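One letter stands for each residue in the lines below.
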Amino acid sequence: DKPSLSAWPSPMVPLGQTVTLQCHFHSPLKRFRLFKTDGASLPELHGNHFKTFTLGPVTREHAWSYTCSGFSRSLAVFSRLSDPLQIVVTGVFTKPSISAHPSPLMGAGENVTLRCHSPLLDKFILHQENSTGHFQRRGEMFTRGHAPADFVIGPMTLASAGTYRCYAPSDPVDIVITGLSKKPSLSAQGGPVVRSGENVTLVCSSKSAFDQFHLLRKGENFGCPLAGGQSPHGALQAEFPLGPGTPAHSGVYRCYGSLTHSPYSWSDSSDPVFLSVTGSTTSTCPSAMDPHTTEEATLPLEHSSTWYIVLGLVIAFTSTSIILAALVCHWFSTQNHVAVMEGEPNEDQTVNSEDPAAEDVIYTHLNHGTLSERLFTPAPLSPMHPFTEPIIYEELNVNQDHAEP
């Protein structure tokens, strides 16, 4: 039977470090030989090796695929070659970038695309970190013209969730499967609207037995503190103190629950909390990790822009109503003033007796002081018996000019 070849601690070896290769046999073979699959000879590979072989300190020349063959001293023959094992020397080139599309948080059964890119490299190797801390090869891709390499992972299962890297190694990206348990609830202590400088604390709670909670906004993970206690309703909860509020804290927040023994399996997302920090400075507009990095990045913008449009319309309507009310009041005030001025007697007014328009008019000159005094001292009136007789006012000191008797 052909043996198998393994590398410890990992087949990804930083430049200048060492790696231990071991050839495993089903039969009691203890010695083996190593070969590079390109046929090139390395001096240290010559001869038979016992149980393990240490390769390194590694250089660029050690980055290749290796096979091993077991040696039987009794038969003086070698076994068949093992399947090749590729040794990757990291740190030789500038690390590539890696990103998850549409989001690093995916539901069960969905597909996620991991994109590796580098302006210098045209070959990418994707590895997934397993539960033991070792990396499992998930794919290799050649590109043309230094184009990015897209690796499709899915349909998503618990086995697909984990930490991925592009080599020569990129920064890690964590792929998390969500929606396998009920969503927690998220609230803001003191309400979602706070003044600038006031302490901001968000509380995530759930009646499920989560021992970790994750708070996210715009692709930012604010940590996963252990459940810190119970709410008055008996739910486990964790607090996320964000410190003194600033306009930069404004945005849309969500939280998730998980268990420490399954760190890549999260609950469904909580309902969003729209946090607004007010003050002398205008609050910033909110926006995947809102948990849905790219597709959720539009959700906060849509909600906030709609809110601002509605607020603007309300302000405009209120301002217009106030201005119209002021104009109407001013118009009525002006009309009343004109009416009073027109109704006031003019002592200096004289009438030309020769004016034809005044022929049928009787003009009288009244003593205004006497008339006013008599008008303001009326006889008491009985509210139960309305007058049926016409009221006659006595005219004093009347001079008739140009009038018929």
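About the criteria used
Residues numbered from 1 in each chain as written. Predicted model: local features only at pLDDT ≥ 70, side-chain atom pairs only at ≥ 80, totals over all residues. Heavy atoms only, no water. Helix = DSSP H or I, 4+ residues; strand = E, 2+ residues; numbered from the N terminus. Buried < 20%, exposed > 50% of the residue type's maximum accessible area, 1.4 Å probe, protein only. Disulfide = S-S within 2.5 Å. 1 Å grid on protein atoms, 1.4 Å probe; cavity = no way out; pocket = protein on both sides within 12 Å on 5 of 7 lines; lining within 4 Å. Points joined across faces, edges and corners; volume = space filled by probe spheres on them. Nonpolar A, V, L, I, M, F, W, Y, C, P; charged D, E, K, R; others polar. Pairing = 2+ DSSP bridges. Axes fitted to C-alpha atoms, helices over the stretch in contact; angles between N-to-C directions. pLDDT = per-residue confidence, 0-100. Contact = heavy atoms within 4.5 Å. Salt bridge = Lys/Arg side-chain N within 4 Å of Asp/Glu carboxyl O.

Points about the overall build of the protein
And step 1. Check the secondary structure of the protein and you find 2 helices and 30 strands.
And step 2. By residue count, 33% of the 405 residues in the protein fall in the buried class.

Quick word on the state of the cysteines
And step 1. Counted under the stated rule, the structure contains 3 disulfides.
And step 2. Here Cys-23 pairs with Cys-68 through a disulfide, and the sulfurs are 1.9 Å apart. Residues Cys-23 and Cys-68 are joined by a disulfide whose S-S torsion is about 70 degrees; by sign, that bridge is right-handed. With Cys-23 in strand S3 (residues 19–24) and Cys-68 in strand S7 (residues 65–72), the pair connects residues that are 45 residues apart, well separated along the chain.

Considering the layout of surface pockets
And step 1. By volume, the second largest pocket amounts to about 500 Å³.
And step 2. In this structure, the second largest pocket is lined by 17 residues; those nearest its centre are Ala-63, Gln-86, Val-88, Phe-93 and Lys-123.
And step 3. Elements with a contribution of two residues or more to the lining of the second largest pocket: strand S10 (88–90) and strand S14 (123–129).
And step 4. A breakdown of the residues in the lining of the second largest pocket according to their chemical character gives 12 nonpolar, 2 polar and 3 charged.

Things to note about the sheet that holds strand S13 (residues 112–117)
And step 1. Strand order in the open sheet formed by 3 strands is S11-S13-S16, with antiparallel pairing between adjacent strands. On the outer flanks of this sheet lie strand S11 (97–101) and strand S16 (149–153), each paired with one strand and no other. Sheet twist, expressed as the average angle between the axes of neighbouring strands with direction ignored, equals 20 degrees.
And step 2. Alignment of S11 against S13, held across 5 bridges, turns out to be antiparallel. Residue pairing for S13: Ile-98 is matched across the bridge by Cys-116.

Re the confidence of the model for the protein
And step 1. Per-residue confidence for the protein gives a mean pLDDT of 74, with 68% of residues at or over 70.
And step 2. Every residue in residues 280–304 is under pLDDT 50, and counting partners more than four places away or in other chains gives 63 contacts.
And step 3. This model gives residues 344–405 a pLDDT under 50, and the stretch forms 30 contacts once residues within four places in sequence are excluded.

Structural notes on the sheet that holds S3
And step 1. Taking strand neighbours across the sheet as the criterion, the 3 strands line up as S1-S3-S6 in an open arrangement whose pairing is antiparallel. Each edge of the open sheet carries a strand with a single partner, namely strand S1 (4–8) and strand S6 (52–55). Mean inter-strand twist for the sheet, computed between neighbouring axes without regard to direction, equals 25 degrees.
And step 2. Relative to S3, S1 runs antiparallel, the two being bridged by 5 bridges. Across the sheet, residue Trp-8 finds its bridge partner in S3, namely Thr-20.

Side note on the pattern of salt bridges
And step 1. Taken as a whole, this structure holds 5 salt bridges when the rule is applied.
And step 2. Notably, a salt bridge pairs Asp-83 with Lys-2, separated by 2.7 Å at the nearest N-O pair. Here Lys-2 lies in the segment before S1 and Asp-83 lies in the loop between strand S8 (77–78) and strand S9 (85–86), a separation of 81 residues in the sequence.
And step 3. A relative accessible area of 47% places Asp-83 in the partly exposed class.
And step 4. A salt bridge links Asp-171 to Lys-95, with the nearest nitrogen and oxygen atoms 2.5 Å apart. A residue pair is termed long-range when its members are at least 10 positions apart, and Asp-171 in the loop between strand S17 (162–167) and strand S18 (173–178) and Lys-95 in the loop between S10 and S11 qualify at 76 residues.

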